[in-house]
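One letter stands for each residue in the lines below.
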Amino acid sequence: MVFSASRRRHNSYTLAPLILISVNLLLFLTFFVWPAIIGLAYSFTSYTGVGDAPWVGLENYQELIGDADFYAALLRTLIYTACVVPLMFVMSLGIAYLLVSPYAKGKTVARVIFFLPWLISPIIAGVIWRWLFGENFGLVNFVITELGGDPVSWQSNGDLSLMIVVIVATWAGTAFNMLLFIAALKNVPVSYYEAADLDGANAWQKFRKITLPAIAPTSFIVMLLSTLHAMKEYTYFVAVNDGGPGTENNLIVQYIYETGFKRAQIGYASAASFVLLLILVVVAVLQLIASRRKGS
Amino acid sequence: MGISASARKGWLAASVVGALVLGACSSGSSGDGDPKSITFWFSTSAQDQGYTDLAKEFEAKEGIKVEIVNVPYDGYQDKLSQAAQANALPDTASVPSLDPLWVNQLQDLASIANNEANKINKNLVTADGDKVLSIPSDVTAAGLYINKSLFEKAGVSYPTDPAQTWTWTDFLAAATKVREATNAKYDLVYDNSAARIRGWIYTHGGTGFQLGADGKFAAPDAATVTALSEFAKINDDKVMPKSVWTSGQDPNALFKSGQVVAYYSGVWQVADFADSITDFEWASVPAPAQPTHATDINLGGKMVAFNNGDKAEAAKKWIDFVFQPANYTKLAQTNGYLPIETGLTLTYPFEKKAAQDAFALYIKEMELADPISSSGQANQTKLLLAKQKVDDALIKTELAKFINGEQDVQKTVDAIVTGLNDQIK
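These numbers were taken from a predicted model, which means no experiment stands behind them.

Visitor: Which residues make up the overall build of chain B, and what are the values?
Guide: Each helix and strand in chain B was counted, giving 17 helices and eleven strands. Dimensions of chain B along its principal axes, counting C-alpha atoms only, are 70 × 60 × 40 Å. Counting every position in chain B, which comprises 425 residues, the buried fraction comes to 42%. Pairs at least 24 residues apart make up 74% of the contacts formed inside chain B by residues separated by at least 6 positions.

Visitor: Tell me what's going on with the overall build of chain A, and back it up with residues and numbers.
Guide: Tallying secondary structure elements over chain A gives 13 helices and zero strands in all. Each helix and strand of chain A, ordered N terminal to C terminal, gives the series α-α-α-α-α-α-α-α-α-α-α-α-α. Here chain A has a C-alpha radius of gyration of 25 Å; the compact-globule value for 296 residues is 19 Å, and the former is much larger. In chain A, which comprises 296 residues, the share counted as buried stands at 31%. Within chain A, contacts between residues separated by at least 24 positions form 68% of all contacts whose residues are at least 6 apart in sequence.

Visitor: So what about the interface of chain A and chain B? Which residues, and what values?
Guide: Contact with chain A, which involves 21 residues of that partner, is made by 24 residues of chain B. Looking at the side of chain A that touches chain B residue by residue, the classes come out as four nonpolar, eleven polar and six charged.

Visitor: Any details on the nonpolar core? Residues and values, ideally.
Guide: Within the largest apolar cluster, 104 residues are counted, with the highest numbers of intra-cluster contacts made by Ile135(B) and Val189(B). In contact with Ile135(B), not counting residues within four places along its chain, are Leu109(B), Ile112(B), Ala113(B), Ile120(B), Val125(B), Met303(B), Phe323(B) and Ile340(B). Ranked by size, the runner-up nonpolar core spans 37 residues in total, among them Tyr47(A), Tyr236(A), Leu251(A) and Tyr255(A).

Visitor: Which residues make up the confidence of the model for chain B, and what are the values?
Guide: Residue and element names in this part refer to chain B. Considering every residue of chain B, the mean pLDDT works out to 87; 92% of them sit at 70 or more. Per-element averaging of pLDDT across chain B places helix α1 (residues 2-29) at the bottom with 43 and helix α8 (residues 222-233) at the top with 96. Counting interchain partners and residues more than four positions distant, the pLDDT-below-50 stretch residues 1-32 has five contacts.

Visitor: Talk me through the sheet that holds strand β4 (residues 126-128) of chain B; I want residue IDs and the actual numbers.
Guide: Residue and element names in this part refer to chain B. In spatial order, the strands read β2-β1-β3-β11-β5-β4; together these six strands make up an open sheet with mixed pairing. Single-partner strands in this sheet number two, and they are β2 (65-70) and β4. Between one strand axis and the next, the sheet turns by 20° as a mean value, whatever way the strands run. As paired strands, strand β3 (residues 92-95) and strand β11 (residues 302-305) are joined by four bridges and run antiparallel to one another. Bridge pairing links Val95 to Lys302 in β11. The strands touched by helix α12 (residues 312-323) are β1 (37-42), β2, β3, β5 (131-136) and β11; relative to β11, the strand with the most contacts, the crossing angle is about 150°.

Visitor: Let's hear about unusual backbone geometry: which residues, and what values?
Guide: Here Gln290(B) and Pro291(B) are connected by a cis peptide whose omega angle stands at 0°. Mapped onto the secondary structure, Pro291(B) falls in the loop between β9 (282-285) and β10 (297-299). Here the phi dihedral of Asp242(A) falls at roughly 55°; this positive angle occurs in a residue that is not glycine. Take Asp242(A): it is sitting in the loop between α11 (235-241) and α12 (252-262).

Visitor: Hey, could you go over the pairing of strand β6 (residues 139-147) of chain B for me, with residue numbers and the actual values?
Guide: Residues and elements named next belong to chain B. Across the nine residues that make up β6, a large majority, nine, are buried. What you see with β6 is no split at all: Val139, Ala141, Gly143, Tyr145 and Asn147 on one side and Thr140, Ala142, Leu144 and Ile146 on the other are buried throughout. Direction of pairing for β6 relative to β10: antiparallel, over a ladder of three bridges. Looking at the pairing, Ala141 lines up with Ile297 of β10.

Visitor: I'd like a rundown of the environment of Val156(B), residues and numbers included.
Guide: All names here are of chain B. Along the chain, the position of Val156 falls in the loop between α5 (148-154) and α6 (168-182). Judged by the 18 C-beta atoms lying within 10 Å of it, Val156 is partly exposed. As for Val156 and Ala113, which are separated by 43 residues in sequence, their C-alpha atoms are 44 Å apart.

Visitor: Give a detailed account of the packing of helix α4 (residues 107-119) of chain A against helix α7 (residues 158-186) of chain A, specifying residues and quantitative values.
Guide: Residues and elements named next belong to chain A. Interaxial distance between α4 and α7 falls to 7 Å at its minimum, and their mutual angle equals 120°. It follows from the interaxial angle that α4 and α7 lie oblique. Relative to α7, α4 is oriented so that their crossing is left-handed. Residues Phe114, Phe115, Pro117 and Trp118 of α4 form the contact with α7, whose participating residues are Trp171, Ala172, Ala175, Phe176 and Met178. When its residues are assigned to classes, the contact of α4 with α7 shows nine nonpolar, no polar and no charged.

Procedures and definitions
- Residues numbered from 1 in each chain as written.
- Chains lettered and ligands numbered in written order.
- Predicted model: local features only at pLDDT ≥ 70, side-chain atom pairs only at ≥ 80, totals over all residues.
- Helix = DSSP H or I, 4+ residues; strand = E, 2+ residues; numbered from the N terminus.
- Buried ≥ 20, exposed ≤ 12 C-beta atoms within 10 Å, placed from the backbone.
- Contact = placed C-beta atoms within 7 Å.
- Rg over C-alpha atoms; globule rule 2.2 N^0.38 Å.
- Nonpolar A, V, L, I, M, F, W, Y, C, P; charged D, E, K, R; others polar.
- Core = buried A, V, L, I, M, F, W, Y, C linked by C-beta atoms within 7 Å.
- pLDDT = per-residue confidence, 0-100.
- Pairing = 2+ DSSP bridges.
- Axes fitted to C-alpha atoms, helices over the stretch in contact; angles between N-to-C directions.
- Parallel < 35°, antiparallel > 145°, perpendicular 65-115°, else oblique.
- Left-handed = near helix turned anticlockwise from the far one by under 90°.

As structure tokens, this is what we get:
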């Protein structure tokens, strides 16, 4: 009796949720799992996009290990991520901290202004910054030459051009992280700060010893999402300088796109995609472990 | 206003009913031996009046109605392949490119292409042996534009007759003189395109990237390699801004700023320039020849007739009608086409004299152009007939790497040849 009752309960708790998630599950299977499986299968072939896909085993992966262009793109991606993630973290936390401060005036207006870049499509954001930092007729170079300086090669110098994209991505991505931080900062109990005040702690001590630990879960999410996002960046590079100069700022996704669609090496590009996926999984797991350890 | 609006509604209703009736008729008559209507698919975002006018005349003459369908360019090629699989291809069409999937359903247009009266440029028709698969409705050519106001301000002269054109050395010297005299920023901007760089190579006496006898791309000749080195050298932020070829800067916008002396692009810019350049005078000038007189000729829409049973004959009649010189003249004038037929007298409906002159110049340039000028599209046709598809956009990428100093010229050329051949199965 007891057994069958528990089994029935078990059944009803399995079936109803299954039905409820079935639509999502179906979409997930059709548009995520299935293409991923096809992609994985293609990575073992020399498929060109038309006709049949001859099986080549691990050849694509072996070739990838010796591909200098792939490493160049991967290195550039890591440099970009290492620049943009900390910068975005500091910017969004800083702005959020200012916006929840009881001394700040005009918070609502400021919040709208800081949020605006998030509403602009990445392509448009890229074009705006291209007008500002355009090497030939950009506003910044115009001002520099009017002041008597020499125009700066914002586009045809690889490092400067990467720097512009870091600025654009920070400018555009700060808003969303700022919102997350504002919510987290507001949830830190005021009594902690009051107690610290009584103990005579200064602002920096309060920030380090109370605020940072209290918002650690949010910080983790922001770091994780920004890192994954930065590793997959494509739009800003295309919009600002087309991955240029030359192919110097081709990040890994653009490399995959170019080989897959411009050079019709779908199989090879699929292999590169799976390496990227693997790297992203490793990044996510590492950050998860780090945050667990900190939590305990 | 109110009356005209309601009148328009009335017309709309009438034409909807008319279309329904016609639709019913055409589907009913498809079994007859004598078709009353045929379909014609094409794609344009610009002028289509030329075809509409010709269709009316065709109906008056032959009693066959031509239903013109303007298909959006994006997806046109897909729509055709789907139509082929569903056995619902149009009777005639002007297509962006032929597709191995339906190429065997095309009628032979040799009688039209070879008709001496039509004077069709036979280098540009797509033929499989003796069978002519398509005749282009028009051609496009690459060419040079100058900022005429800057030239006049600097008091520097330029050639106007393609037969007495300048060399690249002369042209660049003249452009530098103009730039320095007028305080302009650059001598030249050059379209970032695999097709346009062909013009540079050919005019420098190179043959570029050509298919060999084995159906694969061969290593280019020495003149091509030298020409590419020369090209990289002028990307020095004085003669040309480096950003166009390395970082995706828009050359059209740079030229329109009025701060660039010259722009190498193509005939399709004429209508745009006529409309949107108001701050300065521009002119189309003969492309430099060093020593070869060449350009890059590409095809506009490719006119085809499908083998659709009892409509096949009417379809071919329509194509024949379009290419009769008197009719084709009207079509080319109204739609602003560079003609595929020689010996026509064309008056284009541009108000600007610069635009009129530009078309006249392009027509002369094409007559003088070395046959190699059309080899780019000929290679594409060869590949198509061998059921291959090759995207040459990687030429841009490899040249950008070269200009940016990431690799030398030999490595660039090798990478281009390998990259193109990798796409051939």
